[in-house]
Amino acid sequence: MVIGLSTRFEPKIVGFLCRWCAYTGADLAGTSRIKYPPNVTPIRVNCSGRVDPTFVLKALASGADGVLIAGCHPGDCHYTSGNVKTIRRFKLLQRMLNQFGVEKERVRLEWVSASEGERYARIVESMTKEIRSLGPLEWKTKVEA
Amino acid sequence: MPKPKMAFNWASSCGGCEIAIFELGTKLVDVSKKVDIVFWPAIFDYKYSDLEAMPDKSIDVTFFNGAIQNSENEHMARLLREKSKLLVAFGACAHSGGIPALANTTTRDQIFTSSYKDTPTTDNPEKVLPQTRVQVKEGELTIPEFYNTVKTLDQTVDVDYYVPGCPPVGEQVSKVIDQFVAGDLPPKGSVLGASQKSLCHECKRTKTNRKISKIVRTFQTIPDPEKCMLEQGIICMGPATRGGCGAVCLDANMPCRGCYGPLPNVVDQGGKMLSALASIFDAESEEDIQKLADSVPDPIGTFYRFSLARSLMRRTKQ
């Protein structure tokens, strides 16, 4: 075994980060050299309100183990209320995902401001840990069985 | 010119699609003048062996309704694909799973337990469950295998065209048949007998972009026949559903349930409807939003009533 390569399960998490707050916060985590797990693949969106519930479903159905949606704190949205729309969709989506049998920990909505690099790192850390203990989602294989 | 040969088949469906063809009424006589119906188990006495005896690609067009829920459905889908030049997924079940695909929220075991053991009207003291093979003194009897997951026709075999609807409205069926007779066909994979826009475009109700603070169910109220259903708090699938039916349910003062399937270029009808509905929630605080979200009855059954098999998730976790 190659030293440093772990055989433990590493979750694949798709992160939809709003460009004004969360993406900038993630950038700050990097430039500040904060250590956090590399499990989130970030996708920059203009606003968390741009995240169609279908994006989340597609990510899960295509092999992601979790999805993180992160945007500006309520009240700080660059587009005034985009993130409030995200809460509305997210709450309903959460109910539906629960019906599908997707654990709550796998899909999270979080607020990260541009100055909260540390907060972003801790969110990714806790999410990775939770999903690692849940195990892989492997939606396609489970559905086709 | 010889008349085109046409076949109809039903798989996992209710028979409503056959009724939709009967809805043509006396026009059906005209249809029979234009085409030769060579196979139609719901109406005529054909045996599967008659179909097996036909040469490959000898049927010009087959209208196949119903989802694929057991091995017989699948066998017929494969057989008709071999025998037909064109295969049309006819109706919501063949197109996107339809009502039978709601079985994807459960499993075969749960369905069997509920149907053959738990229902109060079931008299089954020995708890016998359906077996695909059983030995009796006359020999072996077989029945088709019941599948755990319902599939659409195009998840089973290659499909040329789709005609959505539960059932497709008569007027559209007649137009589609004429299209086939005339050979006037769009590219393979097109949805026929429906519009390219959402149902809201053909709905005559007044819309004022009002937000909703309460979900109302149809049994709790008599909807105002002039106003948009969604603005009255009644979940109407119109914004996420392909038009073409003429908004017949809305004319009967009932909300759209989504049987015409997703709009062009949309994969997941339910996800789109969830988004549309949540966007008009009149709530700002997390608690109020949660309350409204919690009051939506059965999200999967509401948003994917006719399209669960075709959706991104396809079924619940087993």
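Every residue gets a number counted from 1 within its own chain, in the order that chain's sequence is written. Ligands are numbered from 1 and chains lettered from A, in the order in which they are written. Restriction of local features to residues with pLDDT of at least 70 applies here, the model being predicted, together with a cutoff of 80 or more for giving and counting side-chain atom pairs; totals for whole chains, interfaces and linings are based on all residues.

> Quick question: what am I supposed to make of the overall build of chain B here?
Looking only at helices and strands, one finds 11 helices and 9 strands in chain B. Radius of gyration means the value over C-alpha atoms here, while the globule rule gives 2.2 Å times the residue count to the 0.38 power. Since a compact globule built from 318 residues should have a radius of gyration of about 20 Å, the 22 Å found for chain B is in line with a globular shape. Across its three principal directions, the C-alpha atoms of chain B cover 65 × 60 × 30 Å. Remark: C-beta atoms are placed from the backbone, and a residue is labelled buried if 20 or more other C-beta atoms sit within 10 Å of its own, exposed if 12 or fewer do, or partly exposed between those counts. With 318 residues in all, chain B has 42% of them scored as buried. Working definition of a contact: two residues with C-beta atoms, positioned from the backbone, lying within 7 Å. Considering only contacts in chain B between residues 6 or more positions apart, those separated by 24 or more positions represent 74%. Segments assigned H or I by DSSP are reported as helices when at least four residues long, segments assigned E as strands when at least two residues long, and all are numbered from the N terminus.

> How should I be thinking about the nonpolar core in this particular structure?
Considering soluble globular proteins, one finds that nonpolar side chains tend to be buried as a cluster. Within the largest apolar cluster, 125 residues are counted, with the highest numbers of intra-cluster contacts made by C18, A22, L60 and V67 of chain A together with F64 and V88 of chain B. Counting residues per element, this core draws most heavily on helix α3 (residues 82–100) of chain A, which supplies 7 residues. An automatic or database domain assignment is the source of the domain bounds shown. Per-domain counts for this core show at least three residues from each of domain 1 (5–99 + 149–182) and domain 3 (199–303) of chain B. Not counting residues within four places of it along the chain, the set of residues in contact with V67 of chain A comprises I13, V14, V56, A59, L60, R106 and V107 of chain A. A set of buried residues qualifies as a nonpolar core if it consists of Ala, Val, Leu, Ile, Met, Phe, Trp, Tyr and Cys joined through C-beta atoms within 7 Å.

> I would appreciate a short explanation of the sheet that holds strand β2 (residues 36–39) of chain B in the present structure.
For sheets, the rule is that strands pair by backbone hydrogen bonds, running either parallel or antiparallel. Residues and elements named next belong to chain B. One open sheet holds the 5 strands; their spatial order is β2-β1-β3-β5-β9, and the pairing between them is parallel. Every other strand in the sheet has two partners, leaving β2 and β9 (161–163) as the edge strands with one partner each. Within this sheet the neighbouring strands show an average axis-to-axis angle of 30°, counted without direction. Following DSSP output, two strands are said to pair if at least two bridges run between them. Inspection of the sheet shows strand β1 (residues 5–10) paired to strand β3 (residues 59–65) by 5 bridges, in the parallel sense. Bridge pairing links M6 to V61 in β3. With axes taken as lines fitted to C-alpha atoms, and helix axes fitted only over the stretch in contact, angles between N-to-C directions fall between 0 and 180 degrees.

> For this particular structure, what's the right way to read unusual backbone geometry?
All names here are of chain B. Here the amide bond leading from C166 into P167 is cis, since omega sits at -10°, within 30 degrees of zero. Mapped onto the secondary structure, P167 falls in the loop between β9 and α7 (170–182). The phi torsion at N265 lies on the positive side, around 65°, for a residue other than glycine. Tracing the sequence through the fold places N265 in the loop between α8 (248–251) and α9 (269–279).

> Can you help me understand the interface of chain B and chain A in this one?
The figure often quoted for interface size is the accessible area lost as the parts come together. Across the boundary between the two partners, chain B contributes 25 residues, which contact 23 residues of chain A. At the level of secondary structure, the elements contributing two or more residues to the side of chain B that touches chain A comprise α9, α10 (286–294) and α11 (299–303) of chain B.

> Explanation requested: the packing of α3 of chain A against α10 of chain B in the structure shown.
Two quantities define a packed helix pair, namely the angle between the axes and the distance from one axis to the other. Running from N to C, α3 of chain A and α10 of chain B cross one another at 40°; their axes reach a closest spacing of 9 Å. Here α3 of chain A is positioned oblique relative to α10 of chain B, judged by the angle of their axes. Crossing geometry of α3 of chain A relative to α10 of chain B is assigned as right-handed. Contacts between α3 of chain A and α10 of chain B involve I87, R88, K91, L92 and R95 of chain A from the first element and E286, I289, Q290, A293 and D294 of chain B from the second. In terms of residue class, the contact of α3 of chain A with α10 of chain B is built from 4 nonpolar, 1 polar and 5 charged. Relative orientations are named as follows: roughly parallel for angles under 35 degrees, roughly antiparallel for angles over 145 degrees, roughly perpendicular for angles from 65 to 115 degrees, and oblique for any other angle. Handedness of a helix crossing follows the sense of rotation of the near helix relative to the far helix, less than a right angle counterclockwise being left-handed and clockwise being right-handed. When residues are sorted by character, Ala, Val, Leu, Ile, Met, Phe, Trp, Tyr, Cys and Pro go into the nonpolar class, Asp, Glu, Lys and Arg into the charged class, and all the rest, Gly among them, into the polar class.

> What am I meant to see in the packing of helix α2 (residues 53–61) of chain A against α9 of chain B here?
As a packed pair, α2 of chain A and α9 of chain B sit with axes 8 Å apart at the nearest point and diverge in direction by 145°. Along its contact with α2 of chain A, which presents P53, T54 and L57 of chain A, the element α9 of chain B presents G271, K272, L274 and S275 of chain B. Taken together, the residues of the contact of α2 of chain A with α9 of chain B break down into 3 nonpolar, 3 polar and 1 charged.

> What's the story with the sheet that holds strand β2 (residues 40–45) of chain A in this structure? I'm lost.
All names here are of chain A. The 4 strands are arranged β2-β1-β3-β4 in an open sheet whose pairing can be described as parallel. The open sheet has two free edges, formed respectively by β2 and β4 (107–111), since each of these has just one partner strand. Put simply, the sheet's adjacent strands are angled 20° from each other on average, direction ignored. Strands in contact with helix α1 (residues 22–31) are β1 (13–18), β2 and β3 (66–71); relative to β1, the strand with the most contacts, it is inclined by about 110°.

> I keep staring at α9 of chain B and nothing clicks. Help me out?
Burial within α9 of chain B is extensive, with 10 of its 11 residues counted as buried. Taken together, the buried positions of α9 of chain B are Q269, G270, G271, K272, M273, L274, S275, A276, L277 and A278 of chain B.

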